[in-house]
Amino acid sequence: MLRRKFLSGSAGFMLNTLARSKAGANAADDDGLFRSFGRDFSWGVSTSAYQIEGAVDVDGRGQSIWDVFARIKGNIHSGETANVAADYYWRYRDDIKSIERGGFDTYRFSTSWPRIIPAGTGRINPLGLDFYDRVVDECLARGITPWICLYHWDLPQALQDRGGWINRDSGHWFADYAAVVGRRLGDRVKHWAMLNEAAVHAVIGHGFGDHAPGLRGRSNYIAAMHHQNLAQGLAIQALRAQRSDYQLGTVMCLEPVRSVTQRDKDVRAAQYFEAIWKGAGLDPLLKGTYPAVLADEFALVTAPHDMSNIHQPIDYLGLNYYNELHIQDDQQSPFGLTFGPPPEGSILTAMRWPIEPQGLYRQLIDLRDQYGNPPIYIAENGAAFDDRIETDGAIRDLDRIDYFRVHFRAALQAMRDGAALRGYFMWSLLDNFEWTEGTTKRFGIIYVDFKTLKRTTKDSYAWLADGLHGRQ
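Just so it is clear, the model here is predicted, and its values are computed rather than measured.

Chemist: For this particular structure, what's the right way to read the overall build of the protein chain?
Modeler: Scanning the protein chain from N- to C-terminus turns up 17 helices and 13 strands. Whereas a compact globule of 472 residues would reach a radius of gyration of roughly 23 Å, the protein chain reaches 21 Å, a difference of no more than 12%. Referenced to the eigenvectors of the C-alpha coordinate spread, the extents of the protein chain come out at roughly 55 × 55 × 45 Å. By residue count, 62% of the 472 residues in the protein chain fall in the buried class. Taking as baseline every contact in the protein chain between residues at least 6 positions apart, the subset at least 24 positions apart corresponds to 77%. Treating the 52 positive side-chain charges of the protein chain as one cloud and the 57 negative ones as another, the clouds have centres 1 Å apart.

Chemist: Please clarify how the layout of surface pockets should be interpreted in this entry.
Modeler: Picture a little ball the size of a water molecule; that probe, rolled over the atoms, points out where space is still empty. Taken as a whole, the largest pocket holds about 920 Å³ of empty space. In this structure, the largest pocket is lined by 34 residues; those nearest its centre are Ile204, Trp277, Phe339, Met351 and Trp353. Only helix H10 (198-207), strand S8 (325-329) and strand S9 (337-339) provide two or more residues apiece to the lining of the largest pocket. Partitioning the lining of the largest pocket into residue classes produces 16 nonpolar, 10 polar and 8 charged.

Chemist: Whenever I open this one, the packing of helix H5 (residues 88-101) against helix H7 (residues 126-141) confuses me. Can you help?
Modeler: A pair of packed helices is characterised by two quantities: the angle between their axes and the separation of those axes. Where H5 meets H7, the axes come as close as 9 Å, and the angle between the chain directions of the two elements is 10°. In this view, H5 runs roughly parallel relative to H7, as classed from their interaxial angle. Across the interface between the two elements, Tyr88, Tyr89, Tyr92, Arg93 and Ile96 from H5 touch Leu127, Phe131, Arg134, Val135, Glu138 and Cys139 from H7. Its residues assigned to classes, the contact of H5 with H7 shows 8 nonpolar, no polar and 3 charged.

Chemist: Mind showing me how you'd approach the state of the cysteines here?
Modeler: Note on terminology: a disulfide is the covalent bond linking the sulfur atoms of two cysteines. Taken as a whole and judged by the stated rule, the model has 0 disulfides. Lacking any disulfide linkage, Cys139 is separated from the closest cysteine sulfur, that of Cys149, by 15 Å. The exposure class of Cys139 is buried, given its relative accessible area of 0%. No disulfide involves Cys253; its nearest neighbouring cysteine sulfur is the one of Cys149, lying 13 Å away.

Chemist: Would you mind going over the sheet that holds strand S2 (residues 106-110) with me for this structure?
Modeler: To summarise the sheet geometry, strands pair through backbone hydrogen bonds and adopt either a parallel or an antiparallel arrangement. An order of S1-S2-S3-S4-S5-S7-S10-S11 is seen for the 8 strands of this closed barrel, with the pairing classed as parallel. Put simply, the sheet's adjacent strands are angled 25° from each other on average, direction ignored. Where strand S1 (residues 42-46) lies against S2, 3 bridges are found, and the strand directions are parallel. Within S2, the residue paired with Gly44 across the bridge is Thr106.

Chemist: Hey, could you run me through the side chain of Thr47 in this one?
Modeler: As for its position among the elements, Thr47 is in the loop between S1 and helix H3 (49-52). On the accessibility criterion, Thr47 (2% relative accessible area) is buried. A polar atom in the side chain of Thr47 sits 2.9 Å from the side chain of Tyr107. Setting aside residues no more than four positions away along its own chain, Thr47 makes contact with Ile52, Tyr107, Arg108, Phe109, Ser110, Trp427, Ser428 and Leu429.

Cut-off values and rules
Residues numbered from 1 in each chain as written. Predicted model: local features only at pLDDT ≥ 70, side-chain atom pairs only at ≥ 80, totals over all residues. Heavy atoms only, no water. Helix = DSSP H or I, 4+ residues; strand = E, 2+ residues; numbered from the N terminus. Rg over C-alpha atoms; globule rule 2.2 N^0.38 Å. Buried < 20%, exposed > 50% of the residue type's maximum accessible area, 1.4 Å probe, protein only. Contact = heavy atoms within 4.5 Å. Lys, Arg positive; Asp, Glu negative; His and termini not counted. Charge placed at Lys NZ, Arg CZ, Asp CG, Glu CD. 1 Å grid on protein atoms, 1.4 Å probe; cavity = no way out; pocket = protein on both sides within 12 Å on 5 of 7 lines; lining within 4 Å. Points joined across faces, edges and corners; volume = space filled by probe spheres on them. Nonpolar A, V, L, I, M, F, W, Y, C, P; charged D, E, K, R; others polar. Axes fitted to C-alpha atoms, helices over the stretch in contact; angles between N-to-C directions. Parallel < 35°, antiparallel > 145°, perpendicular 65-115°, else oblique. Disulfide = S-S within 2.5 Å. Pairing = 2+ DSSP bridges. Polar contact = N/O pair within 3.5 Å; in protein donor to acceptor, adjacent residues only side chain to side chain.

Structure, rendered in structure tokens:
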């Protein structure tokens, strides 16, 4: 329905752009693209603490669930840990300088809960807060607006030992942590995201068991999802009580869900997964209810007043988008479904994810039509490719340039059609520790040599910088 209308209509040019010969950073081809978003539109980059910081046993940091998970043989496909990652803990000043040189005006990064409160509750580590103090001050000194995400999957292991997100006390643990960070940084940081991709963390980490903490089962997913929702609402209230000048929101991975075939069982699986992946986060926050298909399961873990605590007003919603999700029936999985193959003929990234800019358009329009059109910031969008340094020292990641180009155009079309899109953050500033893939998958616009830790800007960085500097 919408897919056919979109591809045959005024925005159908996007896939034609992707299919044509790689033009690279052709200035004429992109003339006016960045300016089309308007002068008030925010452009930024995103990172996450665990994926780039390293320094896991430095300055009093406690262990996270990913530290423990990564040490278990077979969990990380490359056999690596994030003990060093991109060494950002020691190199943040140069990396933030690269953000400034690239013409970005905002930087979304996460704070590490175990670095700030090593046991998750109780004693605060002043050296951990000192580090984020320095990061924030470096951003402000360079004219970059810091956006903090309070949780990007790195739960303190000490809290996991107490049940983690399965324990409903986790909502209060998180709210207390949010208040600590707000009290220290809130005089300078005004934009706050509570959680990054709670549904992904609950589905992959607590349902399928493929991410930390490695739990498996539908009931684990239900508890982890609900308690993250509750934690988010309690943290929003805690921060709102501190200051009136905060911009408070959260970040969700929102991608249209499609069935691999039109068989009834695949269609039902896709509809159910859409509720699990999207509705279980969006609906409680923005509508105050769980999707009907999940209501009975969530009722088992919902206490009085939970929904009123979850259903909090927000100032913006962060949207992470990579591709549409293609789902098929699988009765052997905890949810009765699994991820299926992309459509035949799809152009794939190094992650084997299809490039589907039309899905970004669809998602933005869905938020316009079904969720009251909240202010939206694309908090992550990007792609991994097999980048390599050429003999002349250049990294000609033309595929990534084309990826950004077609997604920018999809976003721009959605804006023109009424979606309340306010900003766009690239994933990611740096090549990083890409969870179970280790350092083998490169999403950065800056190349990191993980042996020497030397940074090299890619052609995509130059293309973005040219566009951003040229919009002035």
